[in-house]
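Okay, here's what each chain looks like letter by letter:
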Amino acid sequence: MLYGQVITAIHGSRGGDIIFSSRYSNGTWASICRCVNMIHSSNLIQPSLMHIKLGNSSLTSFWYDPWIDGTPLALKFPRLLALEDNKFDTVADRHPNGSWLWFWRRDPRGGIELSNFNSLLDILAMTSLSNNVDTWTWDGDSSCGNSVAAARRLIDLHSIAPFSCPTNWLSLYPSKVNIFIWRLRMNRLATKDNLERKGIDLPNYLCVWCNVQNESVHHVFVSCVISKQIWSYLGSWINFNLPSWNNLEELWIWMDNLSVHEKKKIVVRSIFYSVLWNIWRLRNSYVFNDPTFRISHVLDNIIVTSFFFGFFLDTKNLGLIGPFGCKIL
Ligand SMILES: [Zn+2]
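Residues numbered from 1 in each chain as written. Predicted model: local features only at pLDDT ≥ 70, side-chain atom pairs only at ≥ 80, totals over all residues. Heavy atoms only, no water.

1. Some words on the environment of Glu215
Part 1 of the reasoning: The residue Glu215 is located in the loop between α9 (192–197) and α10 (217–223) in this model.
Part 2 of the reasoning: You can call Glu215 buried: its relative accessible area is 0%.
Part 3 of the reasoning: Linking Glu215 and Thr191, residues 24 residues apart in sequence, is a C-alpha distance of 6.4 Å.
Part 4 of the reasoning: If we ignore the near neighbours within four places in the chain, the residues touching Glu215 are Thr191, Lys192, Asp193, Tyr205, Leu206, Cys207, Val208, Val220 and Arg283.
Part 5 of the reasoning: At 2.7 Å, the side chain of Glu215 forms a polar contact with the side chain of Arg283. (Helix = DSSP H or I, 4+ residues; strand = E, 2+ residues; numbered from the N terminus. Buried < 20%, exposed > 50% of the residue type's maximum accessible area, 1.4 Å probe, protein only. Contact = heavy atoms within 4.5 Å. Polar contact = N/O pair within 3.5 Å; in protein donor to acceptor, adjacent residues only side chain to side chain.)

2. Comments concerning the packing of helix α12 (residues 248–256) against helix α13 (residues 262–287)
How two helices sit against one another is set out by the angle between their axes and by the gap between those axes.
Part 1 of the reasoning: Between α12 and α13, whose axes approach to 10 Å, the crossing angle comes to 155°. Taken together, the axes of α12 and α13 are roughly antiparallel relative to one another. Contacts between α12 and α13 involve Leu248, Leu251, Trp252, Trp254, Met255 and Asp256 from the first element and Lys265, Val268, Arg269, Phe272, Tyr273 and Leu276 from the second.
Part 2 of the reasoning: Grouping the amino acids of the contact of α12 with α13 by side-chain chemistry returns nine nonpolar, no polar and three charged. (Axes fitted to C-alpha atoms, helices over the stretch in contact; angles between N-to-C directions. Parallel < 35°, antiparallel > 145°, perpendicular 65-115°, else oblique. Nonpolar A, V, L, I, M, F, W, Y, C, P; charged D, E, K, R; others polar.)

3. Overview of the nonpolar core
Considering soluble globular proteins, one finds that nonpolar side chains tend to be buried as a cluster.
Part 1 of the reasoning: Counting 42 residues, the largest nonpolar core has Leu184, Phe221, Trp231, Leu234, Phe272 and Leu276 as its most contacted members.
Part 2 of the reasoning: Broken down by secondary-structure element, the contributors of at least two residues to this core are α8 (175–185), α10, α11 (225–237), α12, α13 and α14 (295–312).
Part 3 of the reasoning: For this core, the leading source of residues is α13, giving 10 residues.
Part 4 of the reasoning: Setting aside chain neighbours within four positions, we find Trp231 in contact with Phe221, Val222, Leu242, Trp245, Leu251, Phe272, Val275, Leu276 and Ile279.
Part 5 of the reasoning: Among the nonpolar cores identified, the runner-up in size contains 19 residues, and Phe62, Tyr64, Leu83 and Val91 belong to it. (Core = buried A, V, L, I, M, F, W, Y, C linked by side-chain atoms within 4.5 Å.)

Take a look at the structure:
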């Protein structure tokens, strides 16, 4: 692979050695290595899941690959590594003629160094090499074997907080809208209160519309005078008296528990997604001083969305009617 050739050209045939090295602190490859180290050190993917099936050892790093008991010798014997002159030798380099070679900066002295060296010799005495090529295996996912998808599942499993609410992905909407809703439901939008929690200094933390209340998702999307005006407009348009929600949780509960046919529910959810998306666009247009998107655009978009989804999913049996006197609920 071309990328592999580039890495090899820059970092040598064993580019992975710097995973355990501090020699490189900048650059793409160093960032990749830091990321790998983080994945291992935080146990998102435990190094012990990966094993080398030792063959002739020509591809296996003596100090840095976990070829014995799943732990690299560099981690097991750091005092000996500090004495090593040829840190990046392969196992085959160190075992050319049936006996082990050592390249110490100075010989291990008594105490811990000598004790570690004797332990290392005991371990190596139980190791046998063959003429096959070294191969890697891992226990991450027995069904998929070694794959990016399996690794990602493991990382997701340990890094993404469990989320009990359904995501309700709407395939009719572009991904950016669905992802926006997903982030909104987890309170992961860059509202001012969330930025403050992350320690980001802003001139103020007030709502850009009313300048009275602090900005939070609940305020922006349901309780500010502007968002209340937008929801009221929606209620008039679909000819339904929407409740007045105090926070987003109440809105989600109301939307998720509507006692209507499933297809009607999809229509309602589609229109609500559009309203929420357009409220956020309106908020951003104020924050970033963009005069091209104002409340009239939000109202226009609500009409378009109602029109589209009202007709797209309309059936005679459901009695869904389009815009201009539409009655969707
Ligand atoms: Zn406000």
